[in-house]
Protein chains: 2
Amino acid sequence: MTISEAAQHLGVSAHTLRYYEKIGLIRHVERAGGRRVYTSQDMAWLEFIMRLKVTAMPLARIKKIADLRYQGDATMDERKAMLLSHRENLKAEIVKLQGHLHALDRKIDDYTALQQQREQRETGENT
Amino acid sequence: MTISEAAQHLGVSAHTLRYYEKIGLIRHVERAGGRRVYTSQDMAWLEFIMRLKVTAMPLARIKKIADLRYQGDATMDERKAMLLSHRENLKAEIVKLQGHLHALDRKIDDYTALQQQREQRETGENT
DNA sequence: TGTTGACTTCGAGCATACTCCAACTTGTAC
DNA sequence: GTACAAGTTGGAGTATGCTCGAAGTCAACA
């Protein structure tokens, strides 16, 4: 897979993929005639990175997981612990957003009530 | 309420409150002897801003709602429409995060399975 | 009246995550 | 073999949202 194919597949730009390689999120990507060739393993790893990214994990923390991964199987427990911790954050985040959703609903209700008051005034129901 | 009280109450820094005033999220805050005095109405508005902020609305969009608010009641429909649209985004975001949570759970399961395999090898159950 | 400490303004600086540029190389198409 | 698209590198620049520093002001208390 070329860089532009990979980029399209992952929904990011080729620039971003080079950037991720530069900061070490993904390492020793093969080259053919100097050009990057992404294997299916590379893609699986990048997809996992994207998964962490969309759940608002900062690149610095993703980098830490990447570093551990490149150190080998001995770091598995630590990586699992990081994921478990991230899962808890994610669950808390979902609960928080649900709370904000309800608050937003109430605010919208306020607007609806104000609109109705205005309509009543305009149709002159009180005079 | 002084700026530091307001900041503490809202969970941001005084610097941030001045910044929000500078970019126009909140306007004509009273001064007493040159110092900001936040009224309960100011606080209600700032709390609403925070509510939007924690749901990942960019300051630029919040600014737009603030601009509309300062234009008066005539912009109520437009503001309500923005909130409705934001609510849809928020709902979609929650669904998305729930999906990512499940994906994360599966990844964690993978790690657990690998750990169990390793334990079996170490205790020599196969020889 | 002097000191303390929280406040003021303005502008510069910072962290994150890209995003772009310049100059050069490579593979394919004719 | 030459044109052209797509790729390469390193480094600089950008957008967002703060965050800090400098230099000065103000109120309250000893």
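As a convention, each chain's residues are numbered from 1 in the sequence order in which they are written. Labels follow written order: the first chain is A, the first ligand is 1, and so on. Where totals are concerned, whole chains, interfaces and linings use all residues; where local detail is concerned, this predicted model gives features only for residues with pLDDT of at least 70, and gives and counts side-chain atom pairs only at 80 or more. Processing note: side-chain calculations cover all non-hydrogen atoms of the structure and skip hydrogens and water entirely.

Focus on the packing of aromatic side chains
And then number 1: Pairing of aromatic rings covers Phe, Tyr and Trp, the last counted by its six-membered ring, and requires centre-to-centre distances within 6.5 Å; plane angles under 30 degrees mean stacked, over 60 mean edge-to-face, and any other angle means tilted. If you walk through the whole model with that rule in mind, you get four aromatic pairs over all chains.
And then number 2: A ring pair is formed by A:Trp45 and A:Phe48, whose centres lie 5.7 Å apart and whose planes are at 40°; its orientation type is tilted. Of the two residues, A:Trp45 and A:Phe48 both sit in helix α3 (residues 40-54), three residues apart, roughly one turn of that helix. No difference in accessibility class separates A:Trp45 from A:Phe48, as the two residues are buried.
And then number 3: Comment: the charge-over-ring label is applied if NZ (Lys) or CZ (Arg) is within 6 Å of the ring centre and within 35 degrees of the ring normal. Sitting over the face of the ring of B:Tyr70, B:Arg69 holds its NZ or CZ atom 5.0 Å from the ring centroid. The numbering of helices and of strands both runs from the N terminus, where a helix is a DSSP run of H or I of at least 4 residues and a strand a run of E of at least 2. The classification of residues rests on relative accessible area computed with a 1.4 Å probe and restricted to protein chains. Under 20% of the type maximum is buried, over 50% is exposed, and intermediate values are partly exposed.

As for the relation of the copies chain B and chain A
The two chain copies are related to each other by a rotation about an axis together with a translation along it.
And then number 1: Copies are brought into register by a least-squares superposition over C-alpha atoms of residues with pLDDT of at least 70 in both. The two copies are related by a screw operation: chain B maps onto chain A through 180° of rotation and 0.0 Å of translation along the axis, at an RMSD of 0.1 Å. Such a combination of rotation and displacement between the chain copies is what one expects of a two-fold axis. For chain B, the minimum C-alpha distance to the rotation axis belongs to B:Ile94 and amounts to 3.0 Å.
And then number 2: Most of the interface of chain B is mirrored in chain A, where 100% of its interface residues again form contacts. The contact criterion used throughout is that any non-hydrogen atoms of two residues lie within 4.5 Å.

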